[in-house]
Amino acid sequence: MPITIGFAGLYMLHRLRGLGLRARAYEAGGGGTWYWKRYPGARCDVESMDYSYSFSDDLQQEWRWTERYASQPEILKYIEQHADEFLVHAVPVDVRAVD
Ligand SMILES: Cc1cc2nc3c(=O)[nH]c(=O)nc-3n(C[C@H](O)[C@H](O)[C@H](O)COP(=O)(O)OP(=O)(O)OC[C@H]3O[C@@H](n4cnc5c(N)ncnc54)[C@H](O)[C@@H]3O)c2cc1C
């Protein structure tokens, strides 16, 4: 099953590795929709805190959103930092999975 590096893929990778399974992601643009959708004004439409990962207290504590509704650049930074810190040391980016 291909795993990618949007919000869902990062979490899946975290869970699978937490179960002791070997898992690898294949990603055409790390950061998911927030990598691709860069148009002016792009931001989440739920409050930033609610748009955060909640699986780790450490993550919750260390990140400070600068806006109530985070903008695309800040969300992309959030995903990239968490990919670096927790999960994705060996994941190739710019790889496109095919059938
Ligand atoms: C402007 C905007 C605002 C939003 N606001 C909210 C909000 O407030 N609340 C909310 O819940 N949701 C919101 N969303 C929806 C958002 O898409 C989801 O919240 C979430 O980011 C989706 O994550 P995902 O991991 O499921 O998918 P994605 O982020 O879409 O990640 C999928 C990844 O798969 C990769 N991929 C696809 N096919 C291949 C392939 N063949 N090979 C390799 N890689 C591939 C893509 O490159 C992409 O990185 C918003 C979206 C946008 C654009």
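The text that follows walks through the structure, step by step, so that each part is easy to find. (Residues numbered from 1 in each chain as written. Predicted model: local features only at pLDDT ≥ 70, side-chain atom pairs only at ≥ 80, totals over all residues. Heavy atoms only, no water.)

Considerations on the nonpolar core
Condition: In this description, a nonpolar core means a group of buried Ala, Val, Leu, Ile, Met, Phe, Trp, Tyr and Cys residues linked to one another through side-chain atoms lying within 4.5 Å. Burial status follows relative accessibility: with a 1.4 Å probe on protein chains alone, a residue under 20% of its type maximum counts as buried, one over 50% as exposed, and anything between as partly exposed. Numbering of helices and strands starts at the N terminus; helices are DSSP runs of H or I of at least 4 residues and strands are runs of E of at least 2. Contacts are residue-level and defined by heavy atoms, with any inter-residue pair within 4.5 Å sufficient.
Counting residues in hydrophobic clusters, the biggest one holds 19 residues, and the most contacted among them are Phe7, Trp34, Ile75, Tyr78 and Ile79. The set of elements that each furnish at least two residues to this core consists of α1 (7-18) and α4 (72-87). Excluding residues that lie within four positions of it along the chain, Ile79 makes contacts with Ile5, Phe7, Leu10, Gly31 and Trp34.

Let's talk about the pattern of salt bridges
Our working definition: Salt bridges are counted wherever a side-chain nitrogen of Lys or Arg sits within 4 Å of a carboxyl oxygen of Asp or Glu.
The full count for this structure, using the stated rule, is two salt bridges. Residue Arg43 is joined to Glu67 by a salt bridge in which the shortest nitrogen-to-oxygen separation is 3.5 Å. Highlighted residues: Arg43 in the loop between α2 (33-36) and α3 (57-62) and Glu67 in the loop between α3 and α4, separated in sequence by 24 residues. Note that Glu47 and Arg68 form a salt bridge whose closest N and O atoms lie 2.9 Å from each other.

Observations regarding the environment of Gly29
One can find Gly29 in the loop between α1 and α2. The exposure class assigned to Gly29 is buried, which follows from its relative accessible area of 1%. Contacts of Gly29, omitting those with residues within four sequence positions, involve Tyr35 and Trp36.

A word on the packing of aromatic side chains
Spelled out, the test is: Working definition: a ring pair exists when centres of Phe, Tyr or Trp rings (six-membered ring for Trp) sit within 6.5 Å. Plane angles under 30 degrees give stacked, over 60 give edge-to-face, the rest tilted. By the criterion adopted, a ring carries a charge over it if an Arg CZ or a Lys NZ lies within 6 Å of its centre and within 35 degrees of its normal.
On inspection of all chains with the given rule, the structure shows eleven aromatic pairs. On the numbers, 5.1 Å between centres and 80° between planes, the contact of Trp63 with Tyr78 is edge-to-face. Of this pair, Trp63 sits in the loop between α3 and α4 while Tyr78 is found in helix α4, placing the two residues 15 residues apart along the sequence. Per residue, the accessibility class of Trp63 equals that of Tyr78, and both read buried. Taken together, the ring pairs in this structure connect Phe7, Tyr11, Trp34, Tyr51, Tyr53, Phe55, Trp63, Trp65 and Tyr78 into an aromatic cluster. The aromatic ring of Tyr35 is capped on one face by Arg38, whose charged end is 4.8 Å from the ring centroid.

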